[in-house]
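Next come the chains, spelled out residue by residue.
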Amino acid sequence: MAKDAKDSYLVGLIGSGIGPSLSPALHEREADRQGLRYLYRLIDIDALGVPPEAVGDLLRAARDLGFDGLNITHPCKQLVIEHLDALAPQAEALGAVNTVVFTDGRAVGHNTDVTGFAASFARGLPDVPLERVVQLGAGGAGAAVAHAMLTLGAERVTVVDALGDRAAGLAGALNRHFGAGRAAVAAPDQLAGLLGAADGIVHATPTGMAAHPGLPFAAQLLHPGLWVAEVVYRPLETELLRAARAVGCAALDGGGMAVFQAADAFRLFTGREPDTVRMLADMAGVVESSVGKAV
């Protein structure tokens, strides 16, 4: 049976501490509206008492049990790769997978974090200048959004991270993929000078989440000529976004990335086109009452 001819789907999420994930609600609500039977299961390695390296065993078990696909989140996005039969180009370039589709007995890895952020940015901050972009954070989310920014046409992304080696590793990967000189590295103590001359900043650290409140840098570094894009989406309005809007910055919350990556995964799982307007409304309705981690 062709994927888009099915009306019943079993999918799931593998990761650590995923109990509060919003992915089940986003996927299942959209599936309900499309008249699908759609069950989204959480496979929490913490609850199971297994290490991240068990992702291969969990993947094989899900395939044997008839799952149509899986989302993958921290800390398994890289560990899962060796257990897959193929990688989509985006996932291969990024070296991380957040979506696995089971097709004809094969497990194919994708990355919808990149496309999700790109779609959200294009929708929320259209036509902003992209000559000099600063990105704070070089972890898993940071790698995805840096790829997205360069794909969107940013001339140069300067990566800032408290872990210098991690920032250098990401910048090196970006330059190999997009061309020499497209990415640079800077230390946190250089942030003031960088933001003074930058067009915008992408914030990709956990600071500002409900469990990690606060500002990732001094609010005095913000200025009206700077746009601010946030990856954190719980709460939707972080302290950084409040401070940015107060001084007149164009600002983008992290909710759109969460929705668009989920929509891309839904499309991969079902072959059906999700309604992102409805999914954005779903996100706005549930995010403020939720805490914790999600895909």
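Structural data are supplied above this passage.
Please read these numbers as outputs of a predicted model, since none were measured by experiment. (Residues numbered from 1 in each chain as written. Predicted model: local features only at pLDDT ≥ 70, side-chain atom pairs only at ≥ 80, totals over all residues. Heavy atoms only, no water.)

Enquirer: Explain the environment of Leu125 here, please?
Expert: Residue placement: Leu125 occurs in the loop between α5 (112-124) and β7 (132-136). Through-space distance from the C-alpha of Leu125 to that of Leu252 is 6.9 Å; in sequence the pair is 127 residues apart. With residues near it in sequence (within four places) discarded, Leu125 still touches Trp227, Val228, Ala229, Ala250, Ala251 and Leu252. (Helix = DSSP H or I, 4+ residues; strand = E, 2+ residues; numbered from the N terminus. Contact = heavy atoms within 4.5 Å.)

Enquirer: Mind showing me how you'd approach the sheet that holds strand β10 (residues 200-203) here?
Expert: The strands making up a sheet associate through backbone hydrogen bonding, with each pair oriented either parallel or antiparallel. Overall, parallel pairing links the six strands, which are arranged β9-β8-β7-β10-β11-β12 in an open sheet. In the strand order of this sheet, the two ends are held by β9 (183-186) and β12 (251-252), each with one partner. Sheet topology note: the β7/β10 ladder contains four bridges and is parallel. The partner of Val134 across the bridge, within β10, is Ile201. Along the sheet, helix α6 (residues 140-151) makes contact with β7, β8 (156-160), β10 and β11 (227-230), crossing β7 at roughly 170°. The strands touched by helix α7 (residues 164-178) within the sheet are β7, β8 and β9, with β9 carrying the most contacts at an inclination of about 170°. (Pairing = 2+ DSSP bridges. Axes fitted to C-alpha atoms, helices over the stretch in contact; angles between N-to-C directions.)

Enquirer: Explain the pattern of salt bridges to me, please; I cannot follow it from the model alone.
Expert: Close approach of charged atoms lets side chains of opposite charge pair. Counted by the stated rule, this structure contains 15 salt bridges. A salt bridge links Asp282 to Arg33, with the nearest nitrogen and oxygen atoms 2.7 Å apart. Of this pair, Asp282 sits in helix α11 (residues 276-286) while Arg33 sits in helix α1 (residues 23-33), placing them 249 residues apart in sequence. Residue Asp282 is classed as buried on the basis of its relative accessible area of 9%. In this structure Arg33 comes out as partly exposed when scored by relative accessible area, which is 35%. In this structure, Arg242 engages Glu237 in a salt bridge whose closest nitrogen and oxygen atoms are separated by 3.9 Å. Among the ionic contacts, a cluster of salt bridges with common partners joins Arg29, Glu30, Arg33, Asp275, Arg278 and Asp282. (Salt bridge = Lys/Arg side-chain N within 4 Å of Asp/Glu carboxyl O. Buried < 20%, exposed > 50% of the residue type's maximum accessible area, 1.4 Å probe, protein only.)

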